[in-house]
Amino acid sequence: MKKITHFFLISLLFLLVISCAENSAKSAENNDLPPENPKIGLAIHGGAGTIKRENMTPEREKAYREKLQESLEAGYAVLEKGGSSTDAVIAAVKVMEDSPFFNAGHGAVFTNEGKNELDAAIMEGASKNAGAVASITNVKNPITLAHAVMNNSPHVFMVGGGAEKFAMEQNLEIVDPAYFRDEQRYEQLLKIIDTEKQQLDHSSQLELELQDPYFKDRKFGTVGAVAVDMEGNVAAATSTGGMTNKRYGRVGDVPIIGAGTYADNATCAVSATGHGEYFIRTVVGHEIAAQMKYLDKSLKDAADDVVMKQLVEIEGEGGIIAIDKYGNIAMPFNSEGMYRGYMYEKGKGKTFIYKDEDEKL
Ligand code: ASP
């Protein structure tokens, strides 16, 4: 009997050692970002686009980096206390929704009719629960409404007036639509509306891009966060004003589960930013997860294939952030730059803006 128990214990120990070795191999797999077996991790983005050093002042750059850092700290504080990845991504996204620097919440871009219409989504990888909202005009933090849809309604996706009614029932903070207005954003709309007029005058797209400062500084300022918590659960959250000059009823990729936002513990959590129409057609988030699941690709290889190949082939500009349960992070983008950052350790967040920055730890 004693022998059998010994044999059993030794086998158990052996299995444990094998599984630990496998986990640490996975965590270092094809990726330089995670430290050895990170317990928790968080990545954020504040939009991708034509973000170049020459179009940025040192003050502006500093202000952006500080806000990204603040968002990282907010999300990390939740994870560090043993909070869920869901609560962490909400905390990180709210910081950016409240800042006029990003195209989400206060500071969102304008529709063709001069309004701000907001989309947001959240998904958690353990349960594959999700909540999404579109065309919201008066909820201060649309990500909190997406969260309420996920947790407190039988639905996944709610839009417009109905979603706003639900927000009131849920006692979420309601604001006057004027709260979202930022003058610089409004000027962007005026420029692009003028540009369209010029387009009708048969100017070529390239000529317009060279002349127009709006195009020189074109960016998709959507915000997003992905995280893994102490339980090994991943989550993703994304929030946006969509695209400047969007037409009535237009909804982008952000609230489309599987396109701009996706999470599954078996693979990864993804949050995207870019030209939404292309991201919907490529089903970006789910495509990355599917390549990991069915082709056994690493997070990095799957994300690179989708962003640097599939999207490029159809001229879909933008990028993504993604994390898996081992803490591997991927942040590929095919535009000039992407506001982004990650954090594995308290106070040691790293933020990036341009293409040529070294993302390694
Ligand atoms: N993806 C967003 C949309 O198409 C735009 C962005 O990333 O800024 O609505």
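The model shown is predicted, which means the values in this text are computed figures rather than measured ones. (Residues numbered from 1 in each chain as written. Predicted model: local features only at pLDDT ≥ 70, side-chain atom pairs only at ≥ 80, totals over all residues. Heavy atoms only, no water.)

1. What to know about helix H3 (residues 85-97)
With 13 residues, H3 should cover 18 Å at 1.5 Å per step; its first-to-last C-alpha distance of 18 Å lies within 8% of that length. In terms of burial, H3 is largely enclosed, as 10 of its 13 residues are buried. Among all positions of H3, only Ser85, Thr86, Ala88, Val89, Ile90, Ala92, Val93, Val95, Met96 and Glu97 are buried. In the core, the buried residues of H3 are packed alongside strand E1 (41-49), helix H2 (58-80), strand E2 (118-124), helix H4 (142-152), strand E6 (223-228) and strand E7 (234-240). (Helix = DSSP H or I, 4+ residues; strand = E, 2+ residues; numbered from the N terminus. Expected span 1.5 Å × (residues − 1). Buried < 20%, exposed > 50% of the residue type's maximum accessible area, 1.4 Å probe, protein only. Contact = heavy atoms within 4.5 Å.)

2. A look at the nonpolar core
In terms of nonpolar packing, the biggest core is built from 48 residues, with Ile122, Val133 and Leu145 touching the most fellow members. Listed in part, the 38 residues of the second largest apolar core include Ala272, Ala289, Val307 and Met338. (Core = buried A, V, L, I, M, F, W, Y, C linked by side-chain atoms within 4.5 Å.)

3. Re unusual backbone geometry
In this structure, Asn245 takes a positive phi of about 75° despite not being glycine. Tracing the backbone through its elements, the reader meets Asn245 in the loop between E7 and strand E8 (261-263). The class for Asn245 is buried, based on a relative accessible area of 6%. Phi is positive for Glu315, close to 60°, though the residue is something other than glycine. Mapped onto the elements of the fold, Glu315 is located in the loop between helix H11 (299-313) and strand E10 (318-323).

4. Looking at the site of the ligand
Around the ligand lies a shell formed by Asn103, Phe220, Gly221, Thr222, Gly242, Met243, Arg250, Gly252, Asp253, Thr273, Gly274 and Gly276. A distance of 2.6 Å separates an oxygen atom of the ligand from a polar side-chain atom of Thr222. One of the backbone nitrogen or oxygen atoms of Gly274 is found 2.7 Å away from a nitrogen atom of the ligand. Contact with the protein chains hides 100% of the accessible area of the ligand, taken as 270 Å² for the molecule alone. Residue composition of the shell around the ligand, grouped by class: two nonpolar, eight polar and two charged. (Near = heavy atom within 4 Å. Polar contact = N/O pair within 3.5 Å; in protein donor to acceptor, adjacent residues only side chain to side chain. Areas by Shrake-Rupley, 256 points an atom, 1.4 Å probe, with all protein chains shown as cover. Nonpolar A, V, L, I, M, F, W, Y, C, P; charged D, E, K, R; others polar.)

5. As for a nonpolar patch on the surface
Taken together, the side chains of Val156, Phe157 and Val159 define a hydrophobic patch exposed on the protein surface, amounting to about 250 Å² of accessible area. Along the chain, Phe157 turns up in strand E4 (residues 157-159). Taking relative accessible area as the criterion, Phe157 reaches 38% and is therefore assigned partly exposed. (Patch = residues over 30% accessible without salt bridge, like charges linked within 9 Å, V, L, I, M, F, W, Y side chains within 5 Å. Salt bridge = Lys/Arg side-chain N within 4 Å of Asp/Glu carboxyl O.)

6. Examining the packing of aromatic side chains
On inspection of all chains with the given rule, the structure shows nine aromatic pairs. Here the aromatic rings of Tyr64 and Phe101 are separated by 4.8 Å at their centres, their planes lie at 35°, and the arrangement is tilted. Placement of Tyr64 in helix H2 and of Phe101 in the loop between H3 and E2 is noted, with a sequence separation of 37 residues between them. (Phe/Tyr/Trp six-rings, centres within 6.5 Å; stacked < 30°, edge-to-face > 60°.)

7. Points about the side chain of Asp264
Of note, Asp264 is situated in the loop between E8 and strand E9 (269-274). Overall, the relative accessible area of 8% leaves Asp264 in the buried class. Apart from residues lying up to four places away in sequence, Asp264 is in contact with Gly125, Lys128, Val234 and Lys293.

8. A few points about the pattern of salt bridges
Enumeration according to the criterion identifies 14 salt bridges in this entry. For Glu66, the salt bridge goes to Lys62, with nearest N and O atoms at 3.1 Å. One end of the pair, Glu66, and the other, Lys62, are both in helix H2, four residues apart, so they sit about a helical turn from each other. Residue classification places Glu66 among the partly exposed positions, given a relative accessible area of 45%. Across the salt bridge formed by Lys300 and Asp304, the nearest N and O atoms sit 3.0 Å from each other. Linking Lys300 with Asp304, this pair stays in helix H11, spanning four residues, or about one helical turn. Residue class for Asp304 comes out partly exposed when judged on its relative accessible area of 25%.

9. A closer look at the side chain of Asn141
Tracing the backbone through its elements, the reader meets Asn141 in the loop between strand E3 (129-136) and H4. A distance of 2.8 Å separates a polar atom in the side chain of Asn141 from a polar atom in the side chain of Glu97. For Asn141, the residues in contact, after removing those within four places along its chain, are Lys94, Glu97 and Asp98.

10. Some points on the packing of H3 against H4
With their axes 9 Å apart at the nearest point, H3 and H4 run at an angle of 150° to one another. By the criterion of interaxial angle, the relationship of H3 to H4 is roughly antiparallel. Two secondary-structure elements touch here, H3 through Thr86, Asp87, Ile90, Val93, Lys94 and Glu97 and H4 through Pro142, Ile143, Thr144, His147 and Met150. Split by residue class, the contact of H3 with H4 holds five nonpolar, three polar and three charged. (Axes fitted to C-alpha atoms, helices over the stretch in contact; angles between N-to-C directions. Parallel < 35°, antiparallel > 145°, perpendicular 65-115°, else oblique.)

11. Looking at the confidence of the model for the protein
For the protein, mean pLDDT is 87; residues scoring 70 or higher make up 84% of the total. Between residues 197-216, whose pLDDT stays under 50, and residues either more than four places distant or in other chains, the model counts 22 contacts. (pLDDT = per-residue confidence, 0-100.)

12. Focus: the environment of Lys346
Among the secondary structure elements, Lys346 is positioned in the loop between strand E12 (337-343) and strand E13 (350-354). The class for Lys346 is exposed, based on a relative accessible area of 57%. Along the chain, Lys346 and Ala77 lie 269 residues apart, while their C-alpha atoms are 8.0 Å from each other.

13. Section: the sheet that holds E9
Read across the open sheet, the four strands follow the order E8-E9-E10-E11; overall the sheet is antiparallel. The sheet terminates laterally at E8 and strand E11 (329-330), the two strands that pair on one side only. Docked against the sheet, helix H10 (residues 284-295) engages E8, E9 and E10, running at close to 30° with respect to E8. Against the sheet, H11 engages E10 and E11, with an angle of about 165° to E10. (Pairing = 2+ DSSP bridges.)

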